[in-house]
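Breakdown of the fold
So the chains spell out like this:
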Amino acid sequence: MNIFERMMSVDRRWVFLFLALVCVLTYKVDFEVEVRVTDEVRKIYNFIDTLKPGDYIFVAIDYDPNSLAELHPMTYAIVEQAWRKNMKIVFTALSQNGPGMADQAIRDISDSLKLVKTYNGITYPTRDIVNGIDYIFLGYKPYPALVIAGMGQNFRLPFPTDYYGTPLDSLPMMRGIQNYNQMKCVIDISGTSGIDMWIAYGQTRYGFPLALGLTGVMAADYYPYLNSGQVFGMMGGILGAAQYEKLADNAGSALDMMRIQLYAHMVIILFIIIGNIGFLVSRRAKNQ
Amino acid sequence: METTTMSMGTFLWTSLGAFLTLGIFSFLYKDNPFYKFAEHLVVGVSAGYFVIILWHNGLQPNLFNRLNDGNFYLLWLNSAHWWYIIPAILGVMMWTRFSHKYSWVSRWPIAMYIGIATGLAIPLEMKNRVLTQLYASMRDVQWNNFLGNGFLDNTAGFSQLLVFVGTIAALFYFFFSKEHTGAFKGVAKFGIWILMIGFGASFGYTVMARISLFAQRIQILDLYTESSWADSAPGTFLFVWFIVFGIFILLALVEFIRWLGRAKTA
């Protein structure tokens, strides 16, 4: 076996090991990677930034722990931005293991708001986030399509109580709130096919402004909805999350991951080049 | 990095999490009992969690609480919301799938569900995936704003033209009733290039997603190590990690002995 044939048949475990080493070493070295903000992410940030205190937004946390790495940073950045600006949020979690994700995010972000922080030059005072006043968490119900369609009539149809078992009518935040008409926008942060249902049974039927936060695997498939205007903004994978963190001036795990992404991609490209050189040279030798 | 302390309970649970993370990644080397244990644990915990969520978030508030004012001995027919018995019966009918003799009964609730879902889906999907998408791919090209803010600006005339031409060319590639020769072949070839660019974008995003999963585990393990060393019980920390790494070192030793045996035979 010559060197070019060897280049094509590198044991995948060497690739994994090399990649893991590069990822760990890059993580331990502290340097910044420039992140350029795209229009589809900026539109979401600007939309929320221009809302008034007391406005309602709807955040659907439709992902399981397997998508946490990419989608949690989006949730943390958007929800903190909205709460710092005194907006009220209605949460749902329409994926099977989503309620745990939403519950964790709500607790963590509530803790973060207990600290005085400065974002984009504005210092925000400390505040307590109270269930039923600053947010409600509706929880999970099976069959997302029917739940999304049902909420368009009245949130109380699929969700007579919130996730913690409190009847919706007894929560101060829900006075006068019936359905999506009172929401300024819906932001679906999703790692499941539930996103298709939000577009079809939610946006198409009720016409509310919809923004998406997606895993990287799904991102390319949803650009047509951006082009058609069915969604007004989109964050794709960890890059989308990092862009949002940059806009919100709230550096979190997404921006922290970008240096790993940079070098990991270089390693993968390197191995692709090695494999292709091996393939092309071996093919030429075979033809001769 | 700011160091924090964690309670003993958090420490033990996080140690288990760290062990399971390493167990899952050990599959990259080869299938092994630690990977199997972690995989089965994930499936089992997810199923158990889902059952509890369904009970507390589904059946209890949406069915039992609504029939609460009725009487069990009157089959809740005296409840103010007695009609909730109907979906309950339909739900029970689904369970007849487990009987060979009565499994036909389950077709009724399935038929009803499919009927409702289809009725809802067809007009919405037609509008969502066909009509709106068709309209979006055939917009008037804005010649006075042809380049917009760069060629990646999706409101620019160039982007709209590219979407239209790209869609038509990709459709040409899948048109097999005419032989791909001459100009037809050229358009089809442009179509396959458009498709490949699309697949390339998907592949790039997928690589980014997979690296994100690994990067997040690095962040968690790093945070965990930082916090654990600051814990008031460093003895426990060392003990847990002795077990965790001990297991992997044992696994490596077993593999090494096997490899020696194979090398000797060869």
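What you are looking at is a predicted structure, and each value in this text was computed from that prediction instead of being measured.

Reading the values: rules and limits
Each chain carries its own residue numbering, running from 1 in the direction its sequence is written. As they are written, the chains are lettered A onward and the ligands numbered 1 onward, keeping that order. Given that this is a predicted model, residues contribute local features only at a pLDDT of at least 70 and side-chain atom pairs are listed and counted only at 80 or more, while totals for whole chains, interfaces and linings are drawn from all residues. Water and hydrogen atoms were dropped before computing side-chain values, which therefore reflect all heavy atoms in the structure. At least two DSSP bridges between two strands are needed for those strands to be called paired. Secondary structure elements are defined from DSSP: runs of H or I of at least 4 residues count as helices, runs of E of at least 2 residues count as strands, and each element is numbered from the N terminus. Whenever a helix is involved, its axis is fitted only over the stretch in contact; in every case the axis is a line through C-alpha atoms, and angles between N-to-C directions fall within 0 to 180 degrees. Residue contacts are counted whenever heavy atoms from the two residues lie within 4.5 Å of one another. Roughly parallel means an angle under 35 degrees; roughly antiparallel means over 145; roughly perpendicular covers 65 to 115; every other angle is labelled oblique. A crossing counts as left-handed when the near helix is turned anticlockwise from the far one by less than a right angle, and as right-handed when that turn is clockwise. Two axes enter the definition of the bend at a residue: one is fitted to the seven residues ending there, the other to the seven starting there, and the bend is the angle between them. With a 1.4 Å probe rolled over the protein chains alone, any residue whose accessible area is under 20% of its type maximum counts as buried; one over 50% counts as exposed, and the rest are partly exposed. Accessible area that two parts lose when put together, evaluated with a 1.4 Å probe and summed over both, is termed the buried area. Each reported salt bridge corresponds to a side-chain nitrogen of Lys or Arg within 4 Å of a carboxyl oxygen of Asp or Glu. Throughout this description, a polar contact denotes any pair of N or O atoms lying within 3.5 Å of each other; where both atoms belong to protein, one of them has to be capable of donating a hydrogen while the other can accept it, and for residues adjacent in sequence the pair is counted only when both atoms sit in side chains. Side-chain atoms within 4.5 Å are what join buried Ala, Val, Leu, Ile, Met, Phe, Trp, Tyr and Cys residues into a set we call a nonpolar core. For the purpose of counting charges, residues Lys and Arg are taken to be positive, whereas Asp and Glu are taken to be negative. His and the chain ends are not included.

1. What about the sheet that holds strand β6 (residues 186-190) of chain A?
All names here are of chain A. Sheet architecture is open: six strands sit in the order β5-β2-β1-β6-β7-β8, paired in parallel fashion. For this open sheet the edge positions go to β5 (135-137) and β8 (233-236), each flanked by a neighbour on one side alone. Along the sheet, successive strands turn relative to each other by an average axial angle of 15°, direction set aside. Along the sheet, helix α4 (residues 68-84) contacts β1 (56-62), β2 (88-92), β5, β6, β7 (210-214) and β8; its crossing angle with β6, the most-contacted strand, is approximately 155°. Running at roughly 120° to β8, helix α10 (residues 237-248) makes contact with β7 and β8 of the sheet.

2. Some thoughts on the packing of α4(A) against helix α5 (residues 98-112) of chain A
The axes of two packed helices give the description: the angle between them and the distance between them. All names here are of chain A. The contact between α4 and α5 brings their axes to 10 Å, and the two run at 45°. By the criterion of interaxial angle, the relationship of α4 to α5 is oblique. Seen along the crossing, α4 lies across α5 with a hand that is right-handed. Between α4 and α5, the contacting residues are Leu-68, His-72, Thr-75, Tyr-76, Val-79, Glu-80, Trp-83 and Arg-84 on the first element and Met-101, Gln-104, Ala-105, Ile-106, Asp-108, Ile-109, Ser-110 and Ser-112 on the second.

3. Digging into helix α4 (residues 107-137) of chain B
Where α4(B) bends most, the angle comes to about 35°, and this point is Lys127(B). Among all positions of α4(B), only Pro109(B), Leu120(B), Ala121(B), Leu124(B), Asn128(B), Gln133(B), Ala136(B) and Ser137(B) are buried. For α4(B), the secondary structure elements touched by its buried residues are α6 (144-153), α7 (194-206) and α9 (223-227) of chain A together with α3 (85-94) and α5 (157-173) of chain B.

4. What about the interface of chain B and chain A?
In this complex, chain B contributes 49 residues to the contact, which on the side of chain A involves 60 residues. Buried surface at the junction of chain B and chain A, both sides included, amounts to about 4600 Å², of which 60% is carbon and sulfur. Taken together, chain B and chain A are joined by two salt bridges. In this structure, Arg129(B) engages Asp196(A) in a salt bridge whose closest nitrogen and oxygen atoms are separated by 3.8 Å. Here chain B is connected to chain A by 18 residue pairs in polar contact (both at pLDDT 80 or more). When residues of the side of chain B that touches chain A are traced back to their parent elements, those giving at least two are α2 (33-64), α4 and α6 (182-229) of chain B.

5. Brief notes about the nonpolar core
Residues and elements named next belong to chain A. Formed by 100 residues in total, the largest nonpolar core has its most connected members in Phe-58, Trp-83, Phe-91, Phe-155, Trp-198 and Tyr-244. Top element by residues in this core is α4. It accounts for eight residues. Contact partners of Phe-91, with chain neighbours within four places excluded, come to Val-59, Ile-61, Val-79, Trp-83, Ile-106, Tyr-135, Ile-136, Phe-137, Leu-138 and Gly-139.

6. Comments concerning unusual backbone geometry
As a rule of thumb, non-glycine residues mostly have phi less than zero, and peptide bonds are mostly trans rather than cis. A positive phi angle, close to 55°, is found at Asp249(A), a residue other than glycine. Structurally, Asp249(A) is set in the loop between α10 and α11 (253-287). For Asp249(A), a relative accessible area of 37% puts it in the partly exposed group. The backbone of Leu75(B) sits at a positive phi, close to 55°, despite the residue not being glycine. Its place among the elements puts Leu75(B) in the loop between α2 and α3.

7. Quick notes on the side chain of Glu245(A)
Residues and elements named next belong to chain A. Looking at the secondary structure, you find Glu-245 in helix α10. Of the buried charged residues, Glu-245 lacks a salt bridge, with Arg-259 as the closest side chain of opposite charge at 10 Å. Side-chain polar atoms of Glu-245 contact the backbone nitrogen of Leu-255, separated by 2.9 Å.

8. Regarding the pattern of salt bridges
All chains considered together, the criterion is met by 12 salt bridges over all chains. For Asp103(A), the salt bridge identified is with Arg107(A), shortest N-O distance 3.2 Å. Of this pair, Asp103(A) and Arg107(A) are both found in helix α5, four residues apart, which corresponds to roughly one turn of the helix. As a salt-bridge pair, Lys114(A) and Asp111(A) come within 3.6 Å of each other at their nearest N and O atoms. Exposure remark for Lys114(A): the relative accessible area of 46% places this residue in the partly exposed category. Beyond isolated ion pairs, a larger network of salt bridges with shared partners links Asp196(A), Glu125(B) and Arg129(B).

Geometry only, nothing functional implied.
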